[in-house]
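Structure assessment
Below are the chains, spelled out letter by letter.
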Amino acid sequence: LYKNSLSFQISLTTILTIATQHPHIFVPHLNHFFIRKNDNKTVQNLKFKVLTALTSPSNADTIINEIITYTGSPDLGFAALAVKTIGKNAMINQSIIPSCLASLLKLMNRAEGPVLAETVLVIATILRLKRGTDDEAQALRNLCRKFTAIKEPTARAAVLSIVGDMHETHPEFAPQLLRYIAQNFANESPEVRIQSLTLAAKLISIEREKGSDATPNSQVPMYLLKICERDTEFDVRDRARFLVTLIESKSEKISKNLRTLLFPERKMPKWTT
């Protein structure tokens, strides 16, 4: 009861404030901030934040391994929050990304529902750093392989988005995913259909830059754009018509900057505890 009391929550809040600036004070007492079964939601959230503030390359394995155990909780909201905390730790302490990615990839093979969706979103966020490493390539490959098992629209759209952003360094995945989308388009959510249109337009712009409009890599993307001009969803239809107009524009200024328009520079979010 004490651990869920208001005074305990205030104490954790104070510890979090100090730990943000002076983590070394509390690092020797890591196990005191591990989450217990009787911790309420507020205490859980505070402990996750404290653990994030205390994470460093020297203790990352201990903290990440502890948080990974929470992902098996029957409380799916709590399990998903644990996954998000791993992602936050990785983004704040980028030197521990390899170990975090390894844990997330193992989790992705057994996770389901909202936990799988959160795992996909966290991996996609880490991949946006474009580190050019072997674990990055492996993570992207696993995301694409797992695509058919991912049911949540937000997570499916995230896979399409990151595949598009990384097409220049990993060009083998986008055409395969678009062919799958084209075959199952009627069953996809509007969110996924819109993201697939963006991916299709990116592929077309790249093929145009190569001077090859009629290759197989550009036929499927254009097919998707054209059928979506008559989609039942207004947002999908509107995006398709906009992209087709952009791609078919005779304006030299637009054609020369088409790739820049479709590949805008993304600003990474600033993660804090």
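Treat the numbers as computed from the prediction; the structure is a model and nothing was measured. (Residues numbered from 1 in each chain as written. Predicted model: local features only at pLDDT ≥ 70, side-chain atom pairs only at ≥ 80, totals over all residues. Heavy atoms only, no water.)

Per the stated rule, a full pass over the model turns up five aromatic pairs. The interplanar angle of 35° and the centroid separation of 5.7 Å between the aromatic rings of Phe48 and Phe78 together place this pair among those described as tilted. Of this pair, Phe48 sits in helix H2 (residues 41-54) while Phe78 sits in helix H4 (residues 76-92), and the two are 30 residues apart along the sequence. Its relative accessible area of 2% is what places Phe48 among the buried residues. For the ring pair Tyr70 and Phe78, a centre distance of 5.6 Å and an interplane angle of 40° mean the geometry is tilted. Neither residue differs from the other here; Tyr70 and Phe78 are each classed as buried. Its guanidinium or amino end placed over the ring of Phe147, Arg156 lies 4.2 Å from that ring's centre, counting from NZ or CZ. (Phe/Tyr/Trp six-rings, centres within 6.5 Å; stacked < 30°, edge-to-face > 60°. Helix = DSSP H or I, 4+ residues; strand = E, 2+ residues; numbered from the N terminus. Buried < 20%, exposed > 50% of the residue type's maximum accessible area, 1.4 Å probe, protein only. Lys NZ or Arg CZ within 6 Å of the ring centre and 35° of its normal.)

Right, let's get into the side chain of Ser205. Its place among the elements puts Ser205 in helix H10 (residues 190-210). Overall, the relative accessible area of 4% leaves Ser205 in the buried class. Polar side-chain contacts of Ser205 include one of 2.7 Å to the backbone oxygen of Lys202. Apart from residues no more than four positions distant in its own chain, Ser205 is found in contact with Leu258, Arg259, Leu262 and Phe263. (Polar contact = N/O pair within 3.5 Å; in protein donor to acceptor, adjacent residues only side chain to side chain. Contact = heavy atoms within 4.5 Å.)

Worth remembering: the numbers are spatial, not functional.
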